[in-house]
Amino acid sequence: MRDLNQKTDFLSTAGGIVAAAVLANLLWGSAAPCIKLGYRFFGVESADVMSQILFAGVRFTLAGVLTIVFASLLRRHLLLPPRGSGGMILTQAMVQTVIQYVLFYIGLSHAPGFKGSILSPTSTFFALLFSALLFRQEKLTTHKLLGCLIGFAGVVLVSVGGSVEGGFRFVGDGFLILAAASYGLSSVLIKRFSTRIDPVVLSGWQFVLGGGLMILSALLGGGRLRAVSSGAWPLMLYLCCLSAVAYTIWSLLLQRHPVSRITVFSFLNPVFGVVLSALLLGEGKALDLPRCLLALVLVCLGVWIVNRPAADKETA
């Protein structure tokens, strides 16, 4: 198997870039509807917060193990955290895994899957705002600000009504938006920490640590997972592999190509999520189709404007 630092011929071709980026976003887009299915398969009710946290903890602990094992095989040596990296891994684990996914899993239990799919990519806008305004890592250009405003217009459109399940609910939609903000902050922290620790090492071990903390707190709080369907644990395995494979693919692409060339594909994430929510969860009837399509267009357009190369050439 080739070393992670060596170029993979397929991922260096135009077709390889498209195929890999589409696959990663298809996997990520399937996350929200599969989590909703997981709640059904494990009999987790919307009011059972501790079991929701336990579900997330098991998923991300196993995903972290898979990420470390897969990357170790690619590099032909075991990836261990370097000395002195504990504080960075703990910080990343709290922001990227614990805070984000506690909010996301609770929020998703009180909202339809298609809302989780549409609202999750707003993390792109939060990452830009945190990077520009708090950490001064880049400039907030006119194009990027415009992209944020257009994307947030889509968020407002899909949150304030538009489905038979009602309009904005803080514990549902609000938690999903806060989860996206947490992920946006974690993206900025990855950029900051990756100058001192390999991002794949950071991601894998923070998944293990963050997932472990969620498992411990959920078990102490009375959380339980009881499979009520034969598909429960296969679905959990899929969710674990989803995180490990999608992140590894994305890391390989970002390592070989300019960020703007790759991240523009993230507009596919909500599209896949909405389609799969309709197919897997039967949420087609709950959709106000014109409103949701317009919200999707606005979010995707905003992500594209933020990531397009021309935006980086402007001055603030």
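Structure: see above.
Keep in mind the model is a prediction, meaning the values are calculated, not measured.

**Student:** Would you mind showing me how to read the environment of Leu296 here?
**Tutor:** Tracing the sequence through the fold places Leu296 in helix α13 (residues 289-307). On the basis of relative accessible area, Leu296 is assigned to the buried category, the value being 8%. C-alpha separation for the pair Leu296 and Leu157, spaced 139 residues apart in sequence, amounts to 9.5 Å.

**Student:** Looking at this structure, I do not really get unusual backbone geometry. What am I missing?
**Tutor:** For residues that are not glycine, phi is negative in most cases, and the peptide bond is trans in most cases. For Arg76, which is not a glycine, the phi torsion comes out positive at approximately 65 degrees. Within the secondary structure, Arg76 sits in the loop between α3 (49-75) and α4 (86-109). A residue is classified by how much of its surface remains accessible, and Arg76, at 64% relative accessible area, is exposed.

**Student:** Where do I start with a nonpolar patch on the surface in this structure?
**Tutor:** The grouping of Leu90, Met94, Ile99, Leu209 and Leu213 at the surface amounts to a nonpolar patch, some 360 Å² of accessible area in total. Those elements that place two or more of their residues in the nonpolar patch are α4 and α9 (199-220). Broken down by element, the residue count for the nonpolar patch peaks at three residues, all from α4. Assignment of secondary structure puts Leu209 in helix α9.

Definitions and cut-offs
- In this numbering scheme, every chain counts its residues from 1 along its sequence in written order.
- Per-residue local features of the predicted model are confined to residues with pLDDT of at least 70, and side-chain atom pairs are confined, for both listing and counting, to 80 or more; whole-chain, interface and lining totals are unaffected and use all residues.
- By convention in this description, side-chain values take in all heavy atoms of the structure and omit both hydrogens and water.
- Runs of H or I in DSSP of at least four residues are treated as helices and runs of E of at least two as strands, each being numbered from the N terminus.
- Partly exposed describes any residue whose relative accessible area lies between the buried limit of under 20% and the exposed limit of over 50%, with all areas from a 1.4 Å probe on protein chains only and scaled to the type maximum.
- Surface patches are defined over residues having more than 30% relative accessible area and no salt bridge, joining like charges when they lie within 9 Å and nonpolar side chains (Val, Leu, Ile, Met, Phe, Trp, Tyr) when within 5 Å.
- Note on areas: these come from Shrake-Rupley sampling with a 1.4 Å probe, and a residue is covered only by the protein chains present in the view.
- Definition used for salt bridges: Asp or Glu carboxyl oxygen within 4 Å of a side-chain nitrogen of Lys or Arg.

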